[in-house]
Amino acid sequence: MNLKLGALEAGGTKMVCAIGDETGRIFEQISIPTRTPEETIPELTAYFKERGVEALGIGCFGPIELDRRSPKYGYITSTPKLAWREFDMAGAFAGALGCPVGFDTDVNASVLGEVTFGQAKGLSCVIYLTVGTGVGGGIYIEGRLLHGMLHPETGHVLITPRKDDPYGGRCPYHKNCLEGLASGPAIEERWGDKAANLADRPEVWELEADYIAQALTGYILTLSPQMIILGGGVMHQTQLFPLIREKTARLLSGYIRTKRLDDMERYIVPASLGDDQGIMGCLELAARARAKS
Ligand code: ADP
Ligand code: ZN
C-alpha cells in the first residue's frame, strides 16, 4: 500500500516540505524561508492541503513539548525565535489538514530516518548529532525515540575548553558547551572566517575534533549507542571524521572494549541518506501517526 504522506522539516531559517510515501520515497520537495507563523503557516498548510496528504510528519526546531499529557503538547516552547514562542505547531496543522500529525524534534526525525531507511536499519540504539548553525542530537534508544523529561539537548553538554583556546564560547546559557564552542558560527567567530573557507587550516579541525570527541565520549559512556551518525554543515569537512574517531578512542582509553568500538570507521559515521535523513524521518513520523490513528 503506498500512502501519500507529507513531511515538514521545520527550521529556524527554512521550512522544507515534501510529499512521499512510507517507503521513504520523496516525490516532490520545496523549501520556503521561515518568517512569522502568521505568514508561514498558511503557505505550508496550503501546500499539503492541495496535495491531499493522508498524514503529516513534522520534525521541528525546539525546544518543543512532546509530553502527550501536557495541554501544551505539540507547542514550540521557549525558543529564542520570539515569533514562534508558545506556538501550537502540531495543532495548527492538525486543525488545517484534518489528518493525523506526527511531531518530534528535527534531530529525532533524522535519527528515525537513518534507522528506518538508512545505514542504521536494524540497530536499536543510535545517536544522530548535527553540527551546523546549532548543535543538536536525536537519540533512538531500545527501539524508540528518546524524549524523557523534555527531549535530549545533546548540543549543550559541557566541554572542557582546551588551554590554548582563548575563545569564550557563544552560547548565551553556557559559555563552554559543545554548541557554544563547536557550532559553525563559533568556528567562524573564533577563526575570523567562514568554516567552509578554513578547510586548509589543520589547527581548526584538530580543535573542533577535540570538542566533538569529548561530547561523543560522554554519550558513549552514558547511552551505549551502537552507532553515532554525524551530520550538519560543519561535518562536510570530512577530514574531521578520522580525527574524531582517533580522539574518541583516546578519551575512552580502552575502558570499554566492544566489536563496534574496534571498528571505529563503521561506528562514527557520516549520514547515509545524502541530506534527506531528516525529511525521510518525517515521512516515517507521518506513517506512524497514521498507523496509530
Ligand atoms: P542548519 O544548522 O542551519 O540547519 P547546516 O547544517 O547547513 O544548517 O549548518 C550551517 C553551518 O554549517 C554554518 O555555520 C556554516 O558555516 C557551516 N557549514 C556549511 N557548509 C560547510 C562546509 N562545507 N564546511 C564547514 N562548515 C560548513
Ligand atoms: Zn549551551
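Our structure is the block above this text.
Values in this document were obtained by computation on a predicted structure and should not be read as measured data.

Q: Would you mind showing me how to read the coordination of the zinc ion (ligand 2) here?
A: Ideal values differ by geometry: the angle at a metal is 109.5 degrees with four tetrahedral donors, but 90 or 180 degrees with six octahedral donors. Bound to the zinc ion (ligand 2) on the protein side are His156 (ND1), Cys171 (SG), His174 (ND1) and Cys177 (SG), at distances that span 2.1 to 2.4 Å. Classification of the site at the zinc ion (ligand 2) as tetrahedral follows from its four donor atoms and the range of 105 to 112° in their angles at the metal.

Q: Help me out: how do you make sense of the packing of helix 1 (residues 37–50) against helix 2 (residues 89–97) in this one?
A: Between two packed helices, what matters for the description is the angle formed by their axes and the separation of those axes. In the contact formed by helix 1 and helix 2, the axes pass within 10 Å of each other and the chain directions differ by 45°. One element, helix 1, and the other, helix 2, form an angle in the oblique class. Along this stretch, helix 1 crosses helix 2, giving a crossing that reads as right-handed. The residues of helix 2 that touch helix 1, namely those facing Ile41, Leu44, Thr45, Phe48 and Lys49, are Met89, Ala92, Phe93, Ala96 and Leu97. For the contact of helix 1 with helix 2, the class distribution of residues is eight nonpolar, one polar and one charged.

Q: Please clarify how the pattern of salt bridges should be interpreted in this entry.
A: Between side chains of opposite charge, a pair can form when the charged atoms approach closely. A complete count under the given rule lists 20 salt bridges for this structure. In this structure, the salt-bridge partner of Arg162 is Asp210, at a minimum N-O distance of 2.5 Å. Taken as a pair, Arg162 in the loop between strand 10 (144–145) and helix 4 (178–182) and Asp210 in helix 6 (residues 202–223) lie far apart in primary sequence, 48 residues in all. Several salt bridges converge on common partners, so that one network encompasses Arg162, Asp164, Glu206, Asp210 and Lys247.

Q: What exactly am I supposed to notice about the side chain of Glu65 here?
A: Turning to its location among the elements, Glu65 is positioned in the loop between strand 4 (55–60) and strand 5 (75–76). Buried and unpaired, Glu65 has no salt bridge, with Lys72 as the nearest side chain of opposite charge at 7.9 Å. The contact partners of Glu65, leaving out residues within four places of it in the chain, are Ser70, Lys72, Tyr73, Gly74, Tyr75, Thr77 and Phe103.

Q: Please explain the pairing of strand 2 (residues 14–20) as it appears in this structure.
A: Two faces make up the sheet, and in a regular strand the side chains alternate between them. Counting buried positions along strand 2 gives six out of seven residues, so the element sits mostly inside the fold. Pairing of strand 1 (residues 5–10) with strand 2 involves six bridges; the strand directions are antiparallel. The partner of Gly6 across the bridge, within strand 2, is Ile19. Between strand 1 and strand 2, which pair antiparallel one after the other, the connecting turn spans three residues.

Q: In this structure, what is going on with the side chain of Ser110? I would like to understand it.
A: On the secondary structure map, Ser110 appears in helix 3 (residues 106–117). Judged by its relative accessible area of 6%, Ser110 falls in the buried class. In contact with Ser110, other than residues within four places in its own chain, are Tyr128, Gln277 and Gly278.

Q: What's the story with the site of ligand 1 in this structure? I'm lost.
A: Near ligand 1 the following residues occur: Gly132, Thr133, Gly184, Pro185, Ala195, Ala196, Gly232, Gly233, Val234, His236 and Gln237. In the environment of ligand 1, an oxygen atom lies 2.6 Å from a nitrogen or oxygen atom belonging to the side chain of Thr133. The fraction of the free accessible surface of ligand 1 (570 Å²) that becomes covered by protein chains is 63%. Residues of the shell around ligand 1, tallied by class, amount to four nonpolar, seven polar and no charged.

The rules behind the values
Residue positions are counted from 1 within each chain, in the order its sequence is given. Working convention: letters from A go to chains and numbers from 1 go to ligands, in the order in which they are written. Given that the model is predicted, a residue must reach a pLDDT of at least 70 before its local features are reported, and side-chain atom pairs must reach 80 or more before they are shown or counted; all residues, however, enter totals for whole chains, interfaces and linings. Note that water and hydrogens are dropped before the side-chain values are worked out from all heavy atoms of the structure. Coordinating donors are taken as N, O and S atoms within 2.8 Å of the metal, stretched to 3.2 Å for Na, K and Ca; because water is absent from the atoms, sites can appear incomplete. Only two sets of limits are used to name each site, 85 to 135 degrees for every angle of a tetrahedral four-donor site, and over 155 degrees for opposite donors with all other angles from 65 to 115 for a square planar four-donor or octahedral six-donor site, with any other site named irregular. For every element, the axis is a line fit to its C-alpha atoms; helices are fit only across the contacting stretch, and the angle between N-to-C directions ranges from 0 to 180 degrees. Runs of H or I in DSSP of at least four residues are treated as helices and runs of E of at least two as strands, each being numbered from the N terminus. Oblique is the label for any angle not under 35 degrees, not over 145, and not in the 65 to 115 range, which are roughly parallel, roughly antiparallel and roughly perpendicular in turn. Less than a right angle of anticlockwise turn of the near helix away from the far helix marks a crossing as left-handed, whereas a clockwise turn marks it as right-handed. It only takes one pair of heavy atoms within 4.5 Å for two residues to be counted as in contact. Three categories are distinguished: nonpolar for Ala, Val, Leu, Ile, Met, Phe, Trp, Tyr, Cys and Pro, charged for Asp, Glu, Lys and Arg, and polar for the others, with Gly belonging to the last. The working definition used for a salt bridge is a side-chain nitrogen of Lys or Arg within 4 Å of a carboxyl oxygen of Asp or Glu. The buried label applies to any residue whose accessible area, calculated with a 1.4 Å probe on protein chains only, is under 20% of its type's maximum; exposed applies above 50%, and partly exposed to all values in between. The charge count treats Lys and Arg as positive and Asp and Glu as negative. His and the chain ends do not count. Note on pairing: two strands pair once DSSP finds at least 2 bridges between them. Near residues are defined by distance, with any heavy atom within 4 Å of the molecule or strand qualifying the residue. Polar contacts, as used here, are pairs of N or O atoms within 3.5 Å; protein pairs need one atom able to donate a hydrogen and one able to accept it. Residues neighboring in sequence count only if both atoms are side-chain atoms. Only the protein chains shown count as cover for residues, and all accessible areas are computed by the Shrake-Rupley method using a 1.4 Å probe.

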